[in-house]
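So the chains spell out like this:
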Amino acid sequence: MTFRTSNEIHPYHIGHPLTVKESSDEQIEAVCSKILQETETEKKKESIICKNCRNEITTVEYSIAANGQHAHIFKNPLGITFHIGCFSRAWGCFIYGIPTYEATWFTGFTWCIAVCANCFTHLGWHYQSGRESFYGLIMANLVKHVKIH
Ligand SMILES: [Zn+2]
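J.: Please set out the overall build of the protein chain residue by residue, giving values where relevant.
T.: When its secondary structure is counted, the protein chain shows one helix and nine strands. Order of helices (α) and strands (β) in the protein chain, N terminus to C terminus: α-β-β-β-β-β-β-β-β-β. Put simply, the protein chain has 149 residues, and 19% of those count as buried. Intrachain contacts of the protein chain at a sequence separation of at least 6 include 50% that bridge at least 24 residues.

J.: Tell me about the nonpolar core, and please be specific about residues and values.
T.: Counting 21 residues, the largest nonpolar core has Ile57, Ala90, Cys93, Leu123, Tyr135, Leu137 and Leu142 as the members making the most contacts within it. When residues of this core are traced back to their parent elements, those giving at least two are strand S1 (46–50), strand S4 (81–87), strand S6 (110–116), strand S7 (122–129) and strand S8 (132–138). If we ignore the near neighbours within four places in the chain, the residues touching tyrosine 135 are Cys86, Phe87, Ala90, Cys93, Ala114, Gly124 and His126.

J.: Please set out the sheet that holds strand S2 (residues 56–59) residue by residue, giving values where relevant.
T.: Read from one edge to the other, the open sheet built from three strands follows the order S2-S1-S9, with strand pairing classed as antiparallel. Here the strands that pair on one side only, and so sit at the sheet edges, are S2 and strand S9 (142–146). Adjacent strand axes in the sheet meet at a mean angle of 35 degrees, parallel and antiparallel pairs treated alike. Note that S1 and S2 share three bridges and pair antiparallel. Across the sheet, the residue bridging to isoleucine 49 is glutamate 56, located in S2.

J.: I'd love a proper account of the pairing of S7, names of residues and values included.
T.: On any regular strand, side chains alternate: one points to one face of the sheet, the next to the other face. The pairing of S6 with S7 spans six bridges and is classified as antiparallel. Opposite isoleucine 113, over in S7, you have tryptophan 125 as the bridge partner. Joining the antiparallel neighbours S6 and S7 is a turn of five residues, in which phenylalanine 120 adopts a positive phi near 65 degrees. The sheet contact formed by S7 and S8 spans six bridges and is antiparallel. Bridged to glutamine 128 within S8 is serine 133.

J.: Describe the environment of tyrosine 135, with residues and values.
T.: Tracing the backbone shows tyrosine 135 in strand S8. Owing to 24 C-beta atoms within 10 Å, tyrosine 135 belongs among the buried residues under this scheme. Along the primary structure tyrosine 135 and cysteine 93 are separated by 42 residues, whereas in three dimensions their C-alpha atoms are 9.2 Å apart.

Procedures and definitions
Residues numbered from 1 in each chain as written. Predicted model: local features only at pLDDT ≥ 70, side-chain atom pairs only at ≥ 80, totals over all residues. Helix = DSSP H or I, 4+ residues; strand = E, 2+ residues; numbered from the N terminus. Buried ≥ 20, exposed ≤ 12 C-beta atoms within 10 Å, placed from the backbone. Contact = placed C-beta atoms within 7 Å. Core = buried A, V, L, I, M, F, W, Y, C linked by C-beta atoms within 7 Å. Pairing = 2+ DSSP bridges. Axes fitted to C-alpha atoms, helices over the stretch in contact; angles between N-to-C directions.

By themselves, these figures tell us nothing about what the structure is for.
This is how it looks when you write it as C-alpha coordinates:
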(Lines give C-alpha, C1' and ligand atoms only; values in the text may rest on other atoms or scores of the structure.)
Protein backbone atom coordinates (compact mmCIF):
# COMPACT_ATOMS: atom_id res chain seq x y z
CA MET A 1 0.00 0.00 0.00
CA THR A 2 1.49 3.39 -0.95
CA PHE A 3 0.71 6.90 0.20
CA ARG A 4 1.52 9.88 -1.99
CA THR A 5 3.34 12.68 -0.21
CA SER A 6 3.65 16.29 -1.29
CA ASN A 7 7.48 15.80 -1.44
CA GLU A 8 7.03 14.02 -4.73
CA ILE A 9 5.52 17.07 -6.38
CA HIS A 10 8.74 19.06 -7.02
CA PRO A 11 11.59 16.54 -7.31
CA TYR A 12 13.11 18.59 -10.17
CA HIS A 13 14.31 21.39 -7.87
CA ILE A 14 16.09 19.23 -5.30
CA GLY A 15 19.83 19.86 -5.37
CA HIS A 16 19.74 22.73 -7.90
CA PRO A 17 22.42 25.40 -7.40
CA LEU A 18 20.92 28.79 -6.62
CA THR A 19 21.42 31.81 -8.88
CA VAL A 20 19.59 35.13 -8.59
CA LYS A 21 17.10 34.11 -11.26
CA GLU A 22 16.52 30.68 -9.81
CA SER A 23 15.96 32.01 -6.32
CA SER A 24 13.07 34.14 -7.60
CA ASP A 25 11.67 31.03 -9.26
CA GLU A 26 12.01 29.28 -5.92
CA GLN A 27 10.04 32.07 -4.25
CA ILE A 28 7.26 31.72 -6.81
CA GLU A 29 7.35 28.00 -6.29
CA ALA A 30 7.08 28.40 -2.52
CA VAL A 31 3.90 30.43 -3.03
CA CYS A 32 2.53 27.86 -5.49
CA SER A 33 3.34 25.09 -3.06
CA LYS A 34 1.50 26.93 -0.27
CA ILE A 35 -1.57 27.37 -2.47
CA LEU A 36 -1.40 23.67 -3.35
CA GLN A 37 -1.25 22.73 0.33
CA GLU A 38 -4.24 24.94 1.09
CA THR A 39 -6.17 23.30 -1.74
CA GLU A 40 -5.26 19.90 -0.27
CA THR A 41 -6.60 21.01 3.13
CA GLU A 42 -9.83 22.16 1.49
CA LYS A 43 -10.18 18.79 -0.20
CA LYS A 44 -9.78 17.02 3.13
CA LYS A 45 -12.98 18.64 4.40
CA GLU A 46 -14.99 16.76 1.79
CA SER A 47 -17.17 14.06 3.28
CA ILE A 48 -18.13 10.99 1.35
CA ILE A 49 -21.73 10.18 2.14
CA CYS A 50 -24.24 7.41 1.38
CA LYS A 51 -26.17 8.36 -1.78
CA ASN A 52 -29.32 6.79 -0.38
CA CYS A 53 -29.54 8.26 3.15
CA ARG A 54 -26.69 10.87 3.29
CA ASN A 55 -25.03 9.17 6.29
CA GLU A 56 -21.33 10.14 6.46
CA ILE A 57 -19.27 7.09 5.46
CA THR A 58 -15.73 8.51 5.32
CA THR A 59 -13.85 11.59 4.09
CA VAL A 60 -11.49 12.27 1.16
CA GLU A 61 -8.66 12.44 3.73
CA TYR A 62 -8.83 8.66 4.14
CA SER A 63 -8.44 7.87 0.43
CA ILE A 64 -5.60 5.44 -0.09
CA ALA A 65 -4.00 3.57 -2.96
CA ALA A 66 -4.23 -0.20 -2.90
CA ASN A 67 -2.03 -2.06 -5.41
CA GLY A 68 -0.73 1.35 -6.51
CA GLN A 69 -4.03 3.07 -7.25
CA HIS A 70 -7.06 4.50 -5.46
CA ALA A 71 -9.72 3.68 -8.07
CA HIS A 72 -10.28 0.17 -9.40
CA ILE A 73 -12.73 -1.40 -11.83
CA PHE A 74 -13.63 -5.00 -11.08
CA LYS A 75 -16.08 -7.54 -12.40
CA ASN A 76 -17.58 -10.00 -9.93
CA PRO A 77 -18.20 -13.69 -10.78
CA LEU A 78 -21.79 -12.76 -11.79
CA GLY A 79 -20.42 -10.37 -14.44
CA ILE A 80 -21.41 -7.17 -12.64
CA THR A 81 -18.83 -4.35 -12.98
CA PHE A 82 -18.00 -2.20 -9.97
CA HIS A 83 -16.03 1.06 -9.82
CA ILE A 84 -14.49 1.16 -6.38
CA GLY A 85 -12.34 3.59 -4.43
CA CYS A 86 -10.06 2.53 -1.56
CA PHE A 87 -10.23 4.09 1.91
CA SER A 88 -8.27 3.31 5.08
CA ARG A 89 -11.27 4.07 7.30
CA ALA A 90 -15.04 4.11 6.78
CA TRP A 91 -16.83 4.70 10.08
CA GLY A 92 -20.24 4.88 8.39
CA CYS A 93 -20.00 1.26 7.27
CA PHE A 94 -21.20 -1.82 9.06
CA ILE A 95 -19.32 -4.95 8.06
CA TYR A 96 -20.74 -8.42 8.21
CA GLY A 97 -20.20 -11.97 7.00
CA ILE A 98 -17.37 -14.42 7.43
CA PRO A 99 -14.17 -13.10 5.78
CA THR A 100 -13.30 -15.17 2.71
CA TYR A 101 -10.55 -15.38 0.08
CA GLU A 102 -13.07 -16.61 -2.51
CA ALA A 103 -12.71 -14.61 -5.77
CA THR A 104 -10.93 -11.81 -3.84
CA TRP A 105 -9.91 -8.75 -5.89
CA PHE A 106 -6.83 -8.08 -3.74
CA THR A 107 -4.41 -10.99 -3.54
CA GLY A 108 -3.75 -12.06 0.05
CA PHE A 109 -6.73 -10.13 1.40
CA THR A 110 -9.97 -11.64 2.65
CA TRP A 111 -13.17 -9.72 2.07
CA CYS A 112 -16.54 -9.33 3.72
CA ILE A 113 -19.52 -7.16 2.87
CA ALA A 114 -19.70 -3.49 3.94
CA VAL A 115 -23.11 -1.82 4.13
CA CYS A 116 -24.26 1.64 5.20
CA ALA A 117 -24.67 1.43 9.00
CA ASN A 118 -27.77 3.64 8.72
CA CYS A 119 -29.78 2.29 5.75
CA PHE A 120 -27.98 -1.03 4.99
CA THR A 121 -27.35 -0.17 1.32
CA HIS A 122 -24.47 -2.30 0.01
CA LEU A 123 -21.53 0.12 -0.19
CA GLY A 124 -18.63 -2.25 -0.88
CA TRP A 125 -16.27 -4.61 0.86
CA HIS A 126 -13.87 -4.64 3.77
CA TYR A 127 -10.47 -6.22 2.97
CA GLN A 128 -8.12 -7.65 5.54
CA SER A 129 -4.68 -9.26 5.56
CA GLY A 130 -3.21 -9.68 9.04
CA ARG A 131 -3.17 -6.22 10.64
CA GLU A 132 -3.63 -4.44 7.31
CA SER A 133 -7.17 -3.61 6.30
CA PHE A 134 -9.04 -1.18 4.11
CA TYR A 135 -12.39 -0.59 2.45
CA GLY A 136 -13.16 -0.85 -1.26
CA LEU A 137 -16.26 1.32 -1.69
CA ILE A 138 -18.64 1.38 -4.67
CA MET A 139 -18.39 4.96 -5.96
CA ALA A 140 -21.82 4.80 -7.66
CA ASN A 141 -23.46 4.41 -4.23
CA LEU A 142 -21.64 7.37 -2.68
CA VAL A 143 -21.56 11.14 -3.19
CA LYS A 144 -19.08 13.82 -2.16
CA HIS A 145 -20.37 16.44 0.24
CA VAL A 146 -18.44 19.54 1.33
CA LYS A 147 -18.74 20.06 5.09
CA ILE A 148 -19.64 23.58 6.21
CA HIS A 149 -17.94 24.52 9.50
ZN1 LIG B 1 -27.21 4.89 3.87
